[in-house]
Every structure is written in C-alpha cells, then in structure tokens.
Amino acid sequence: MTDCLFCKIIAGDIPSDKVYEDDLLYAFKDISPKASVHLLVIPKVHIESLDSLNAEHQQLIGYMMLKLPELAKSQGLDDGFRTIINTGPGGGQEVGHLHSHILGGKNMPGFN
Ligand code: AMP
Ligand code: ZN
C-alpha cells in the first residue's frame, strides 16, 4: 500500500475530478485552484520529482510534455497557458509525485 496521495488518486482510493486518463497519464482538477483552469497532470508510475528522472523515463516525459497543450486546449485555453513543475522542498513541491500544473483563464497568478 502506497502512502502517496497521487498514487491513491490514480487507484481511485481518493476521489478526484478527472479530466483525462490513458495508460501512462492521469489529469485532474487541482483541489485548490489558483486560476479558473488549474489542472494537475501526472504519470501513472510513481516518480517523485524531476530530480528522480533517469534515461528510462525519457519517452514517458516526452509523451507527457506533448499532452500538456492538448489538455490545456481541452479546457478552453486556446490562446495559451502556464505550466509549473515544482521540484523538491526548495521548489515548493508539496506532493511527492511528479506533476505538472496547467493554469490559465481568469485570475492567472504571478510567480509568487
Ligand atoms: P505542489 O505544491 O506543486 O506539490 O502542488 C500540489 C498541488 O496538489 C497543490 O496545488 C494542491 O492544491 C493539490 N492537491 C493536493 N491534494 C489534492 C487532491 N486531493 N486533489 C487535487 N489536488 C490536490
Ligand atoms: Zn505516487
């Protein structure tokens, strides 16, 4: 049994507002949105952060990057969006499962 919040969300043990899922990725709405659109996109495999990546993850991470604009557009963000990946405590990462934020629409935050 994993202690990881996002692994539990992927498994359906904790509810989420899912917007997309395939064999490799899961995307859902952030529970505390910082803009009118605020998604989290995560690999299904547990990877702690960008700092934990190795060459075996290259294809997966490329696939995830290619999926981000597609998911942003699916939420109506046709003229652009912001992506944020926090890494480690120094980067403000609170959940230890690699995730990219997608933000856009009204009330877009600054960087701090
Ligand atoms: P980070 O600070 O980059 O690790 O971001 C973690 C994000 O996860 C925050 O924006 C939280 O609002 C979000 N979050 C925490 N718990 C949940 C949850 N159960 N469902 C959806 N989003 C969550
Ligand atoms: Zn996890």
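All values reported here derive from a predicted model rather than from experimental measurement.

Conventions and cut-offs
- Residues numbered from 1 in each chain as written.
- Chains lettered and ligands numbered in written order.
- Predicted model: local features only at pLDDT ≥ 70, side-chain atom pairs only at ≥ 80, totals over all residues.
- Heavy atoms only, no water.
- Donors = N, O, S within 2.8 Å, 3.2 Å for Na, K, Ca; no water.
- Tetrahedral: all angles 85-135°; square planar, octahedral: opposite > 155°, others 65-115°.
- Buried < 20%, exposed > 50% of the residue type's maximum accessible area, 1.4 Å probe, protein only.
- Near = heavy atom within 4 Å.
- Polar contact = N/O pair within 3.5 Å; in protein donor to acceptor, adjacent residues only side chain to side chain.
- Areas by Shrake-Rupley, 256 points an atom, 1.4 Å probe, with all protein chains shown as cover.
- 1 Å grid on protein atoms, 1.4 Å probe; cavity = no way out; pocket = protein on both sides within 12 Å on 5 of 7 lines; lining within 4 Å.
- Sits in = over half its atoms within 2 Å of the grid points.
- Helix = DSSP H or I, 4+ residues; strand = E, 2+ residues; numbered from the N terminus.
- Nonpolar A, V, L, I, M, F, W, Y, C, P; charged D, E, K, R; others polar.

Chemist: Honestly, the coordination of the zinc ion (ligand 2) in this entry has me stumped. Any pointers?
Modeler: Perfect tetrahedral coordination of a metal by four donors corresponds to 109.5 degrees between them, and perfect octahedral coordination by six donors corresponds to 90 or 180 degrees. The protein atoms that coordinate the zinc ion (ligand 2) are Cys4 (SG), Cys7 (SG), His46 (ND1) and His97 (ND1), at distances of 2.0 to 2.3 Å. Metal-centred angles of 105 to 118° between the four donor atoms at the zinc ion (ligand 2) mark the site as tetrahedral. A relative accessible area of 9% means that Cys4 is categorised as buried.

Chemist: What exactly am I supposed to notice about the site of ligand 1 here?
Modeler: Asp30, Asn86, Glu94, His99 and His101 are the nearest of the 16 residues found near ligand 1. Between ligand 1 and Ile31 there is a distance of 3.1 Å, counted from a nitrogen atom to a backbone nitrogen or oxygen. The contact in question runs from an oxygen atom of ligand 1 to an N or O atom on the backbone of Val95, over 3.0 Å. The fraction of the free accessible surface of ligand 1 (510 Å²) that becomes covered by protein chains is 86%. Of the pockets mapped on this structure, ligand 1 occupies the largest pocket. Among the elements of the structure, helix 1 (5-11) and strand 2 (25-29) are those that each provide at least two residues to the shell around ligand 1. The leading source of residues in the shell around ligand 1 is helix 1, at three residues. Along the lines of polarity and charge, the residues of the shell around ligand 1 split into seven nonpolar, six polar and three charged.

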